[in-house]
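Fold and contact review
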Amino acid sequence: MVRFKHIKIKYYFMKMSGVRMLASSPMLLFLLSLLMASNFDTTAGQIGVCFGQMGNNIPNPSEVVAMFKQYSIPRMRMYGPNPDALNALRGSNIEFILDVPNGDLKRLADSQAEANTWVRDNVQKYNDVRFKYISVGNEVKPGEPGAAALIQAMQNIDRALSAAGLSNIKVSTTTFMGAFADTYPPSRGRFKDEYRNFLQPVIGFLVNKRSPLLVNIYTYFGYMNRDVSLQFALLQPNSNNEFTDPNNQLRYLNFFDANLDSVYAALEKSGGGSLDVVVSESGWPTQGGPGASVPNAEAYVNNLRLHVNKNGSPKRPGKAIETYIFAMFDENGKQTSPNDEYEKYWGMFSPTTRQLKYGVKFN
């Protein structure tokens, strides 16, 4: 269903035979709404959900795909190839992000043949799965083995897709807010020097291919670190953290928009001002840390869902923001310390009961 922002039309004048006529009839407004609909992207803002599998009680992939269908979740992100999951996705019409795991980057960068084989076995073989993006690496950090290999791995995967006739599938990588500095106010946002050194060629690749940059954005950590109030992190109105960016006079009512627009500012400073950003992870834990609770997770996910589907950010208003909620299930297999127990509890669904932990609509 297409939802429109309220538009105030004060005057609409038509000249006919030299006479200026006020036209505000229901038929005119109807035709105007049709024109708007033809130019409005109704798909970009649909919410997706990340399907992490680091647990010993996660439902099998066919059950998970059935749950995506049952709850009308139109998009999925998965963190590496899983033949059972890929088979379950066949014919489902679910748009799909598939990650190349960080541990595979060097191997795929060193050999075009290896990249060709990866694409053949994990993408081309599943020609009735709606692959949207291949994310080559997730939160690759400077100094990791994958950092030096990242751009070559992306290029090799892209060439393999093109050779297989699958150039409609966009190649990108996923980064995170830890790669950015000077994010307040958002207009000052930039890449940290150590990240810019290896991400600069990636940005050039994305611009050339017109692919988006994928970024994981979590307002929870801003609240957990006492940088912002709970209201500001939950996208709730009337927070005492609301502010105006003095460099461009844009008004920020929540921490999500402030984070996102600092990413856009950093891209502009790095030659990537034309790029879109896909929010590849965002969510709120239900236990295990400060402010981690079912009511707060419910508030965040629902506020985020409504916001990204219709509002855009202050820097790019009116443009739906493609966003993926992390995560489908709690993951009890994550290695945690007493200080980060919350890492296990981002799921919207209980993996054992298969029931939602709180109310949310996905479409």
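To be clear, the structure that these remarks concern was listed above.
Residues numbered from 1 in each chain as written. Predicted model: local features only at pLDDT ≥ 70, side-chain atom pairs only at ≥ 80, totals over all residues. Heavy atoms only, no water.

Considering the environment of Met-78
This is how it is decided: Think of it this way: any DSSP run of H or I at least four residues long counts as a helix, any run of E at least two long counts as a strand, and we number them from the N terminus. Burial classes: relative accessible area under 20% of the type maximum marks a residue as buried, over 50% as exposed, and values in between as partly exposed (1.4 Å probe, protein chains only). Residues count as neighbours in contact if any of their non-hydrogen atoms are within 4.5 Å of one another.
Tracing the chain through its elements places Met-78 in strand β4 (residues 75-78). A relative accessible area of 0% places Met-78 in the buried class. Spatially, the C-alpha atoms of Met-78 and Leu-98 are 5.3 Å apart, while their sequence positions differ by 20 residues. Excluding anything up to four places from it in sequence, Met-78 contacts Phe-51, Gln-53, Ala-85, Leu-86, Phe-96, Ile-97, Leu-98 and Asp-99.

Some details on the packing of helix α5 (residues 112-124) against helix α6 (residues 145-163)
Operational definition: Only the stretch in contact is used when fitting a helix axis, every axis being a line fitted to C-alpha atoms; angles between N-to-C directions are given from 0 to 180 degrees. Each angle receives one of four descriptions, namely roughly parallel if under 35 degrees, roughly antiparallel if over 145, roughly perpendicular if within 65 to 115, and oblique otherwise. With the far helix as reference, a near helix turned anticlockwise by less than a right angle produces a left-handed crossing, and one turned clockwise produces a right-handed crossing. Ten residue types, Ala, Val, Leu, Ile, Met, Phe, Trp, Tyr, Cys and Pro, are classed as nonpolar, four, Asp, Glu, Lys and Arg, as charged, and the remainder, Gly among them, as polar.
α6 packs onto α5 with a crossing angle of 55° between their chain directions and a minimal axis gap of 8 Å. By the angle between their directions, the pair α5 and α6 is classed as oblique. Considering the relative orientation of α5 and α6, their crossing is right-handed. Facing Gln-112, Ala-115, Asn-116, Trp-118, Val-119 and Val-123 of α5, the residues of α6 in contact are Asn-156, Ile-157, Arg-159, Ala-160 and Leu-161. Residues of the contact of α5 with α6, tallied by class, amount to 7 nonpolar, 3 polar and 1 charged.

Comments concerning the pairing of strand β3 (residues 47-51)
Threshold: DSSP-based pairing: two strands are paired if at least 2 bridges between them are found. We call a crossover right-handed when, viewed with both strands directed away from the observer, the connection leading from the first strand over the helix to the second proceeds clockwise.
Judged by how many residues are buried, β3 sits mostly within the fold: 5 of 5 residues are covered. Residue alternation in β3 divides its side chains into two sets, Ile-47, Val-49 and Phe-51 and Gly-48 and Cys-50, and both sets are buried. When β3 meets strand β14 (residues 323-325), the two strands line up parallel, connected through 3 bridges. Residue pairing across strands places Val-49 opposite Ile-325, the latter belonging to β14. In this fold, β3 hands off to helix α2 (residues 61-70), which returns the chain to β4; that crossover is right-handed.

Quick notes on the pattern of salt bridges
For clarity, the cut-off: Salt bridges are identified by distance alone: a Lys or Arg side-chain nitrogen within 4 Å of an Asp or Glu carboxyl oxygen.
Counted under the stated rule, the structure contains 24 salt bridges. Here Arg-190 makes a salt bridge to Asp-182, at a shortest N to O gap of 2.7 Å. On the basis of relative accessibility, which here comes to 30%, the residue Arg-190 falls in the partly exposed class. Residues Asp-276 and Arg-316 are paired through a salt bridge, measuring 3.1 Å at the closest nitrogen-oxygen approach. Here Asp-276, found in the loop between α10 (255-269) and β13 (277-282), pairs with Arg-316, found in the loop between α11 (294-310) and β14; they are 40 residues apart in sequence, far enough to count as distant. Each of Arg-75, Glu-95, Arg-130, Lys-132 and Glu-322 takes part in salt bridges that share partners, so that together they form one network.

Some words on the sheet that holds β13
In spatial order, the strands read β3-β4-β5-β6-β7-β10-β13-β14; together these 8 strands close into a barrel with parallel pairing. When strand polarity is set aside, the average angle formed by the axes of neighbouring strands in this sheet is 25°. Both β3 and β4 contribute to a ladder of 4 bridges, which runs parallel. If you follow Gly-48 over to β4, its bridge partner there is Arg-75. This element, α6, spans β6 (130-138) and β7 (170-176) of the sheet and lies at about 155° to β7.

So, the side chain of Ser-229
Quick note on the threshold: Distance and chemistry together define a polar contact, namely a pair of N or O atoms within 3.5 Å, with one atom able to donate a hydrogen and the other to accept it when in protein, and with adjacent residues in sequence counting only for side-chain atoms on both sides.
Structurally, Ser-229 is set in the loop between α8 (220-224) and α9 (230-233). Here Ser-239 takes part through its side chain, which lies 3.1 Å from a polar atom of the side chain of Ser-229. The residues contacting Ser-229, other than those within four sequence positions of it, are Tyr-223, Ser-239, Asn-240 and Asn-241.

Examining α6
The condition is simple: Here the expected span of a helix is defined as 1.5 Å times the quantity of residues minus one.
Here α6 spans 27 Å end to end across 19 residues, near enough to the 27 Å set by a 1.5 Å rise per residue. Looking only at α6, the buried set comprises Gly-146, Ala-147, Ala-149, Leu-150, Ile-151, Ala-153, Met-154, Asn-156, Ile-157, Asp-158, Ala-160 and Leu-161. Where the residues of α6 are buried, they touch α4 (105-110), α5, β6, β7 and α7 (193-209).

Notes on the nonpolar core
Here is the rule: The criterion is simple. A nonpolar core is a set of buried Ala, Val, Leu, Ile, Met, Phe, Trp, Tyr and Cys residues joined through side-chain atoms within 4.5 Å.
Ranked by size, the top nonpolar core spans 105 residues in total, and within it Phe-131, Ile-134, Val-136, Ile-157 and Phe-256 carry the most contacts. At 9 residues, the largest contribution of residues to this core is made by α6. In contact with Val-136, not counting residues within four places along its chain, are Val-100, Leu-105, Leu-150, Ala-153, Met-154, Ile-157, Val-171, Ser-172 and Thr-173.

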